[in-house]
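What the coordinates show
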Amino acid sequence: ELPENWTDTRETLLEGMLFSLKYMGMTLVEQPKGEELSAAAVKRIVATAKASGKKLQKVTLKVSPRGIVLNDSGTNELIENISIYRISYCTADKIHDKVFAYIAQNQLNENLECHAFLCTKRKM
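A brief look at the structure comes next.

Cut-offs applied
Residues numbered from 1 in each chain as written. Predicted model: local features only at pLDDT ≥ 70, side-chain atom pairs only at ≥ 80, totals over all residues. Heavy atoms only, no water. Helix = DSSP H or I, 4+ residues; strand = E, 2+ residues; numbered from the N terminus. Buried < 20%, exposed > 50% of the residue type's maximum accessible area, 1.4 Å probe, protein only. Lys, Arg positive; Asp, Glu negative; His and termini not counted. Salt bridge = Lys/Arg side-chain N within 4 Å of Asp/Glu carboxyl O. Polar contact = N/O pair within 3.5 Å; in protein donor to acceptor, adjacent residues only side chain to side chain. Contact = heavy atoms within 4.5 Å. Pairing = 2+ DSSP bridges. Axes fitted to C-alpha atoms, helices over the stretch in contact; angles between N-to-C directions.

Things to note about the side chain of Asp 93
Along the chain, Asp 93 falls in the loop between strand 5 (87-92) and strand 6 (99-105). Despite being buried, Asp 93 has no salt bridge partner; Lys 94 is the closest side chain of opposite charge, sitting 9.2 Å away. Within the structure, the side chain of Asp 93 is placed 3.3 Å from the backbone nitrogen of Ile 95, a separation counted as a polar contact. Polar contacts involving the side chain of Asp 93 include one to the main-chain amide nitrogen of His 96, which spans 2.9 Å.

Digging into the pattern of salt bridges
Per the stated rule, a full pass over the model turns up two salt bridges. Glu 35 serves as the salt-bridge partner of Lys 94, at 2.6 Å between the closest nitrogen and oxygen. Of the two residues, Lys 94 is situated in the loop between strand 5 and strand 6 and Glu 35 in helix 2 (residues 35-52); the sequence distance between them amounts to 59 residues. On the basis of relative accessible area, Glu 35 is assigned to the partly exposed category, the value being 46%. In this structure, the salt-bridge partner of Glu 110 is Arg 86, at a minimum N-O distance of 3.9 Å. With Glu 110 in the loop between strand 6 and strand 7 (112-118) and Arg 86 in the loop between strand 4 (78-83) and strand 5, the pair connects residues that are 24 residues apart, well separated along the chain. Residue class for Arg 86 comes out partly exposed when judged on its relative accessible area of 23%.

Some points on the side chain of Glu 113
In this structure, Glu 113 sits in strand 7. Despite its burial, Glu 113 pairs with no opposite charge; the closest candidate is Arg 86, at 9.2 Å N-O. At 3.0 Å, the side chain of Glu 113 and the side chain of His 115 are in polar contact. Dropping the residues within four chain positions of it, Glu 113 is found in contact with Met 26, Thr 27, Leu 28, Val 29, Glu 80, Tyr 102, Ile 103, Ala 104 and Asn 106.

Describing the environment of Asp 72
Along the chain, the position of Asp 72 falls in strand 3 (residues 67-72). Between the C-alpha atoms of Asp 72 and Thr 60, which are twelve residues apart in sequence, the distance is 6.3 Å. With near-sequence residues (within four places) excluded, Asp 72 lies in contact with Gln 57, Lys 58, Glu 77 and Ile 79. Within the structure, Asp 72 has its side chain in polar contact with the backbone nitrogen of Gly 74 (distance 2.8 Å). For Asp 72, the side chain forms a polar contact with the main-chain nitrogen of Thr 75, separated by 3.0 Å.

Quick notes on the sheet that holds strand 5
A sheet is described by the order of its strands in space; here seven strands give the open sequence 4-3-2-1-7-6-5, paired in antiparallel fashion. Lying at the two open borders of the sheet, with one neighbouring strand each, are strand 4 and strand 5. On average, each strand axis in the sheet is inclined to that of its neighbour by 30°, with strand direction left out of account. Packed on one face of the sheet, helix 2 meets strand 1 (17-28), strand 5, strand 6 and strand 7 and runs near 90° to strand 1.

See the structure below:
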């Protein structure tokens, strides 16, 4: 939860905000952005996550002007570090109101990937 005056904290904006989330998964997408495209991708990810029946991985997501850094909450192991220049779209899903997703280009193979996360609260 963000404090009332979070916009006043210049340091926070530069260093980044930390969020504790659950990683739902990833799917490939055809376009770098779009509300319908991301909604369809999130729908696929949610369905796959439910079908697998596995517990979701707890992660720490740090958002800063440099991009997104993703760490495993338990081991603090780096999962991914995505440059802001590779991120083309972010969204809070309309149907699944606790789901946050972003589309980024994979550094190795240039594929467009949609990654989805489950938040503890809708406000987050």
